[in-house]
Amino acid sequence: AKYDDETGVPLNEAGRRVVERATAKGSLDDGNAGQKGSSEVLDKIPAVEIAEGKWKYVQIELTAPGEPPKLVVRNTAGLPYHPDMYYAAMDKLEKEGLGQVKGRVIGGGRIEYYPEQKTVSIYGYSKTFGRVKGCNQKSAEIVELAYPDHKVSWSDDGY
């Protein structure tokens, strides 16, 4: 998949498919008789998986049949675009046998994560998915819960 470096717009069919899948608004819960109880499938999925250094990130709303949605924060070192972050996260779930889990991107931006200094900074926005009010703040709250001994900051400034 390819994306414009300036606008984030998909430049080919593969890119368009990833963005379409990542932003699908329809029912994510297909209504199948799924897991009983609270969140048996989604509870197994970590809320935060972030790479050391400065990378783009996405906040994804995950759903599984019969369970309430779960927000997660994801990025992967070396991937250049926000849709790539989404695709990598969903591909990982599929490979872990969690193909019944669906996801849609809520928003994204940048994360600077330095584990030795125990700092996480979340800021900016995704050109592909647009500015989403409250996304960086909510992502910071999710990261704070996952990394309670880290200093987590957020801002909507920057790109």
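Residues numbered from 1 in each chain as written. Predicted model: local features only at pLDDT ≥ 70, side-chain atom pairs only at ≥ 80, totals over all residues. Heavy atoms only, no water.

## Describing unusual backbone geometry
Going by this rule: A run of H or I in DSSP counts as a helix once it spans at least four residues, and a run of E counts as a strand once it spans at least two, with each numbered from the N terminus. The buried label applies to any residue whose accessible area, calculated with a 1.4 Å probe on protein chains only, is under 20% of its type's maximum; exposed applies above 50%, and partly exposed to all values in between.
In this model, Lys 118 sits at a positive phi of 55 degrees, which is unusual for a non-glycine residue. Residue placement: Lys 118 occurs in the loop between strand S4 (102-114) and strand S5 (119-123). Looking at Lys 118, the relative accessible area reads 36%, which means it is partly exposed.

## Re the confidence of the model for the protein chain
Low pLDDT marks regions whose predicted coordinates should not be analysed in detail. The condition is simple: pLDDT runs from 0 to 100 and stands for how confident the predictor is about each residue. In this analysis, two residues are considered to be in contact whenever any of their non-hydrogen atoms come within 4.5 Å of each other.
Residue-level pLDDT values for the protein chain average 88, and 91% of them are 70 or greater. This model gives residues 26-37 a pLDDT under 50, and the stretch forms 17 contacts once residues within four places in sequence are excluded.

## Focus on the nonpolar core
Selection criterion: Put simply, buried Ala, Val, Leu, Ile, Met, Phe, Trp, Tyr and Cys residues joined by side-chain atoms within 4.5 Å make one nonpolar core.
Grouped together as the largest cluster of nonpolar side chains are 22 residues, with contacts concentrated most on Ile 45, Val 58, Ile 60, Leu 62, Tyr 86, Leu 93 and Val 101. Mapped onto this core, the elements with two or more residues apiece are helix H1 (13-23), strand S2 (53-63) and helix H2 (82-95). Per-element tally for this core: the top contributor is H2, with five residues. Setting aside its immediate chain neighbours within four residues, Ile 60 contacts Lys 70, Leu 71, Val 72, Arg 74, Tyr 86, Ala 89, Gly 103, Arg 104, Val 105 and Ile 106. Counting 14 residues, the second-largest nonpolar core is a separate cluster that includes Tyr 57, Tyr 113, Ile 122 and Val 143.

## Remarks on the packing of aromatic side chains
In plain terms, the rule: Pairs were defined over the aromatic rings of Phe, Tyr and Trp, the Trp ring being its six-membered one, requiring ring centres within 6.5 Å. Orientation was assigned from the angle between planes: stacked under 30 degrees, edge-to-face over 60, tilted for the rest.
In this structure the tally under the stated criterion is two aromatic pairs. For the pair Tyr 113 and Tyr 147, a centre-to-centre distance of 5.5 Å together with 45 degrees between the ring planes defines the contact as tilted. Taken as a pair, Tyr 113 in strand S4 and Tyr 147 in the loop between helix H3 (135-146) and strand S6 (151-154) lie far apart in primary sequence, 34 residues in all. Look at Tyr 113 and you get buried, because its relative accessible area is 9%. Judged by relative accessible area, Tyr 147 falls into the buried class, the value being 18%.

## Quick word on the pairing of S6
Short version of the rule: Two strands are said to pair when DSSP picks up at least two bridges between them. Seen with its strands pointing away from the viewer, a crossover is right-handed when the path leading from the first strand over the helix to the second is clockwise.
Here S5 pairs with S6 via four bridges, running parallel. Residue pairing in the sheet places Val 120 in a bridge with Val 152 of S6. For the crossover that starts at S5, traverses H3 and ends in the parallel S6, the hand is right-handed.

## Observations regarding the packing of H1 against H2
Put simply, the rule is: Interaxial angles span 0 to 180 degrees and are taken between N-to-C directions of axes, which are lines fitted to C-alpha atoms, for helices over the stretch in contact. Here is the rule for angles: anything less than 35 degrees is roughly parallel, anything more than 145 is roughly antiparallel, 65 through 115 is roughly perpendicular, and the remaining ranges are oblique. Note: crossing handedness is left-handed where the near helix turns anticlockwise from the far helix by less than a right angle, and right-handed where it turns clockwise. As a working rule, the residues Ala, Val, Leu, Ile, Met, Phe, Trp, Tyr, Cys and Pro are called nonpolar, Asp, Glu, Lys and Arg charged, and the rest polar, with Gly in that last group.
Where H1 contacts H2, the two axes come as close as 10 Å, and the packing angle between them is 70 degrees. The angle between H1 and H2 falls in the class roughly perpendicular. Between H1 and H2 the crossing geometry is left-handed. Of the residues in H2, those touching H1 at Val 18, Val 19, Arg 21 and Ala 22 are Pro 83, Tyr 86, Tyr 87 and Met 90. Counted by class, the contact of H1 with H2 contains seven nonpolar, no polar and one charged residues.

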